[in-house]
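A closer look at the structure
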Amino acid sequence: MLCYVEATWKVLQFYSKYVWQFGRIHEHFYSGLLFVRLYTETVEGAEARFDLNGQFARDFNADFGRLEAQMRQLLPPCRFEPLLVKSLLVRLLWIVALVRFGPWALPVGLLQFAVAPMSFVCCLLNCFSNLGGALTHWVVTFLSVLVAKAIVGAAAICGRLVAPTAWQVRPVVELNLQFVLAFLAIDLLASLLLYVASAEKVGLACFCKHLVFGFLNGTTTLIVVFAALAGIQIDVAVWVVSGALAFKLPHAVPWVHYLLSQPHAAILYYCEHRLQHLPVVYTHSHKMHHYLHDTLPFDASKTNSMNEAFFWILLETLPCLLAPNLLYPTTLLPAAWYGDWLEKANHTRTAEDRKGFEQQDSDNFHADHHILHTANFSFGYSACLDFYFGTEGRHTRGIDGKVYSLGPAEEKSKGAEEDKRDALVLRVHPLREGSRLNDNYVRATKCHGNALKTSGRGS
Ligand SMILES: [Zn+2]
Ligand SMILES: [Zn+2]
């Protein structure tokens, strides 16, 4: 037991040491402004160039290598399949308990940490990555409550002048079984639509495997949230106003990160994702997201694997339970549905002749993470992180029609020899028409048929 505590502490130490230091790479890295500039400065065929400091990547990767060795040394190896079965049983028991006893059964989910102790740190990191988004949602929803109540109040006053009974009915939507079934059915239809419209087709057996496993690994997380919140009523006026505000405030989350002194979400995710792939830590949690080779839209989920979801579920449910019939979970925010669609698109292996339908990652940057497993860790729009740390796939050249390359600065800086060695230039330029950006899948298929066992360049 103590070995799990020690290993968890070491992972947290690494995380807290490096996650605040990304400003060392470039002055606009920590805030995420560089990710935006990278897109705006490559329009109309122009090449964008960014001077980066390479020392941080060397420090990070060297320490990461030591951490990997420590995990192997500290933690007993474990077989994945028995752990998966136990985790699924815990998930099933959790849902049954929530349906039977309501939100008081939320602590039943803690059994996960008895089955997979190293999933605790994965849940913590996932929660920290999502904190900015969740806080933005609660603030927006609270403001919407005020706006919606002001509108309803004004309407009631006007109504009293016109027709006294006209404004007494305030529509609400109850989170009941019909609502949940309709929500899950639409979610499934969105996945099917993406598969039919843009994915590389797979055999029936493979399709069914992804469909069933995607439900167990991902959809059951939503079912836990809905079961814990069964019966809450969502004020339609608040829902509409907060939904509209959330669409109108796309830049709010980075500001919340700034207020919390957090780095940009893409940096949090990159660090979290690298750490989730640590030996044994991976088996306890994130491997569920990689269990099936390659990816279909059904594999997209809110938290990648079910063993990363515990604190995210608390973040979704506890505020609603504390303010019943006033707040509602972020999952039901229309902006979040659009996010879910993009996440499904990330998990679609887009066929070369069907690009453009899903509007996200049609160059298969993340889909390739599911065949390489140890490369392409970042979000698509922040792919420069993988190129900077050297964790891009062996045949990954870029994303969104842009080619990335990292090399030494041509004009060596004046000063100490180390400074010259540290000066790097990231070049980003649009792809020449007619050429393919990422060849991982094609090359893997050629070499291994359907086995697709290639390895990435990275850690
Ligand atoms: Zn992964
Ligand atoms: Zn994935």
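Quick summary incoming for the structure in this document.

Definitions and limits used
- Residues numbered from 1 in each chain as written.
- Chains lettered and ligands numbered in written order.
- Predicted model: local features only at pLDDT ≥ 70, side-chain atom pairs only at ≥ 80, totals over all residues.
- Pairing = 2+ DSSP bridges.
- Helix = DSSP H or I, 4+ residues; strand = E, 2+ residues; numbered from the N terminus.
- Buried ≥ 20, exposed ≤ 12 C-beta atoms within 10 Å, placed from the backbone.
- Axes fitted to C-alpha atoms, helices over the stretch in contact; angles between N-to-C directions.
- Parallel < 35°, antiparallel > 145°, perpendicular 65-115°, else oblique.
- Left-handed = near helix turned anticlockwise from the far one by under 90°.
- Contact = placed C-beta atoms within 7 Å.
- Nonpolar A, V, L, I, M, F, W, Y, C, P; charged D, E, K, R; others polar.

Here four strands make up an open sheet; going across it, the order is β1-β6-β5-β4 and the pairing antiparallel. What marks the edges here is a single partner per strand, and that holds for β1 (48-53) and β4 (398-399). Pairing of β1 with strand β6 (residues 423-430), which is carried by six bridges, proceeds in the antiparallel orientation. Along β6, the bridge assignment pairs D51 with V425.

Okay, helix α16 (residues 365-372) next. Counting buried residues along α16, eight of its eight residues qualify, which places the element largely inside the surrounding structure. Every buried residue belonging to α16 is among F365, H366, A367, D368, H369, H370, I371 and L372, and all of these are buried. Directly beyond the C-terminal end of α16, a positive phi value near 70° is found at H373.

Of note, the phi angle at V280 is positive, near 70°, even though the residue is not glycine. The topology assignment puts V280 in the loop between α11 (265-276) and α12 (281-284). Residue classification places V280 among the buried residues on the basis of 20 C-beta atoms within 10 Å. Positive phi values are uncommon outside glycine, yet D400 reaches one of about 55°. Taking the number of C-beta atoms within 10 Å as the measure of exposure, D400 has 18 and is therefore partly exposed.

With that out of the way, let us pick up the pairing of β6. On a regular strand, one side chain projects to one face of the sheet and the next to the other, so that they alternate. In the sheet, strand β5 (residues 402-408) pairs with β6 via seven bridges, with the strands oriented antiparallel. In the sheet register, G407 faces β6, and the bridge partner there is V425.

A few words on the packing of helix α7 (residues 177-198) against helix α15 (residues 334-346). Where α7 contacts α15, the two axes come as close as 10 Å, and the packing angle between them is 40°. Accordingly, the angle class assigned to the pair α7 and α15 is oblique. Remark: the crossing between α7 and α15 carries right-handed chirality. Contact residues: α7 offers A190, S191 and L194, while α15 offers W341, K344 and A345. For the contact of α7 with α15, the residue count by class is four nonpolar, one polar and one charged.

That is the geometry; function is a separate question.
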